[in-house]
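Structure at a glance
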Amino acid sequence: MPTTTPTPADAPRRAGLGTWPTPLEPAPRLAEALGLAPDDLWVKRDDLTGLGGGGNKIRKLEWLCGAALADGATTLVTTGAPQSNHARLTAAAGARLGLDVVLVLAGAPGASGSGNLALDGLFGATVVWAGDVSGAALGPAAERVAERLRERGEVPALLPFGGSSVLGARGYAECGRELLGQAPDLTTVVTAVGSGGTMAGLVTALGSARVLGVHCGAVPDPAGTVSALASDLSGTDCAPQDLRLRLDQVGKGYGTLTEPVMAALTLAARTEGLVLDPVYTGRAMAGLVSAVEDGGIGPGQRTVFLHTGGLPGLFGHPAALAAAEAALAAGD
Ligand SMILES: *Cc1c(COP(=O)(O)O)cnc(C)c1O
């Protein structure tokens, strides 16, 4: 008989969606290319969380979907940019759990149907286009969708932008603890920062000194966003000025491709066969490269790069695909 730990009736339950623990793999050739020792750099493979093509949103969705199921939800509703990985993985979670999914996305129909959007369609999600607003400003449109669903007798569960509520961020506090079991001597975990829940959870488990976040331009105030989530999650004050946050990789904005990001994508691919995406993990890797250059990360320290997924986004990003194709044509 398997033993189970009794759970208090009011404790939120996780829906089982992912494959745990995710691997922690060495990246010795990339480490040496960056000027680190071969054993300094490791990759936490949260791109390999399993469901729906994988990615960091699965850890948050386990908690968010657990709460939605407990509330008797029939439909998951969430928001995002057209190439939102969170929207794609919400669509996959809904398929797995037998729930309908409505995605409220910024933009207009006819925008590129590739990458994550193609998968949203395969998973059977309904897309509602909300017009030209930032991903983070889609809340009211999602509220209107939820209201219409209620009028039809459905029970909508509104999941936060990027899955980043205090509940969703719990998934990354767990990831932080998982990581400590795999690499007790870790000095720095480097992660992309979008809606902030991933960094907030890691900070809760590891402390702000061991987490380096790289802002990707998805929210206007990353430090305030992460510190508020981390404070609520940990129950202690997490000051924004204590966070290690790089703001230097946004370039001309969230969806745009920068030269350091394309260089980071190319380097990771050619040293480790590791595929990054142009919006999140490419920026995080470019931030890691800058941190090694300016001394924020040095040799002899155990550094972990958190691979948060995002591969479908590469196939929905014409500029990154063109840059990769150009490298091929030039025989580089
Ligand atoms: C959403 C996302 C992030 C950022 O995570 P947040 O918790 O939103 O900050 C990083 N990488 C990928 C691939 C993502 O999809």
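Definitions and cut-offs
- Residues numbered from 1 in each chain as written.
- Predicted model: local features only at pLDDT ≥ 70, side-chain atom pairs only at ≥ 80, totals over all residues.
- Heavy atoms only, no water.
- Pairing = 2+ DSSP bridges.
- Helix = DSSP H or I, 4+ residues; strand = E, 2+ residues; numbered from the N terminus.
- Axes fitted to C-alpha atoms, helices over the stretch in contact; angles between N-to-C directions.
- Domains from an automatic or database assignment.
- Contact = heavy atoms within 4.5 Å.
- Buried area = accessible area lost by both parts, 1.4 Å probe.
- Salt bridge = Lys/Arg side-chain N within 4 Å of Asp/Glu carboxyl O.
- Polar contact = N/O pair within 3.5 Å; in protein donor to acceptor, adjacent residues only side chain to side chain.

Re the sheet that holds strand 6 (residues 156–158)
One open sheet holds the four strands; their spatial order is 5-4-3-6, and the pairing between them is parallel. Of all the strands in the sheet, just strand 5 (126–129) and strand 6 have a single pairing partner and so form its edges. Taking the axes of each pair of neighbouring strands and ignoring which way they run, one obtains an average angle of 25° across the sheet. The sheet contact formed by strand 3 (residues 75–80) and strand 4 (residues 100–105) spans six bridges and is parallel. Looking across to strand 4, one finds that Gly80 is bridged to Leu105.

Regarding the domain arrangement of the chain
Frequently, the measure chosen for interface size is the accessible area removed from exposure when the parts meet. When its domains are assigned, the chain resolves into domain 1 (24–54 + 166–330) and domain 2 (57–163). Put simply, the middle of domain 1 and the middle of domain 2, counted by C-alpha atoms, are 24 Å apart. Counting from both sides, the interface comprises 28 residues of domain 1 and, opposite them, 23 residues of domain 2. For the pair domain 1 and domain 2, the summed buried surface comes to about 2000 Å²; carbon and sulfur atoms form 61% of the total. On the domain 1 side of the contact with domain 2, Leu51, Leu167 and Pro312 bury the most area, a combined 26% of that side's loss. Summed over the shared surface of domain 1 and domain 2, the result is two salt bridges. One salt bridge in this structure joins Arg59 and Glu178, with 3.0 Å as the shortest N-O distance. Counting across the domain 1 and domain 2 interface gives six residue pairs in polar contact (both at pLDDT 80 or more). Going through the elements one at a time, helix 6 (166–182), helix 7 (197–206) and helix 11 (311–314) are the ones with two or more residues in the side of domain 1 that touches domain 2. In terms of residue count, helix 6 provides more of the side of domain 1 that touches domain 2 than any other element does, nine residues in total.

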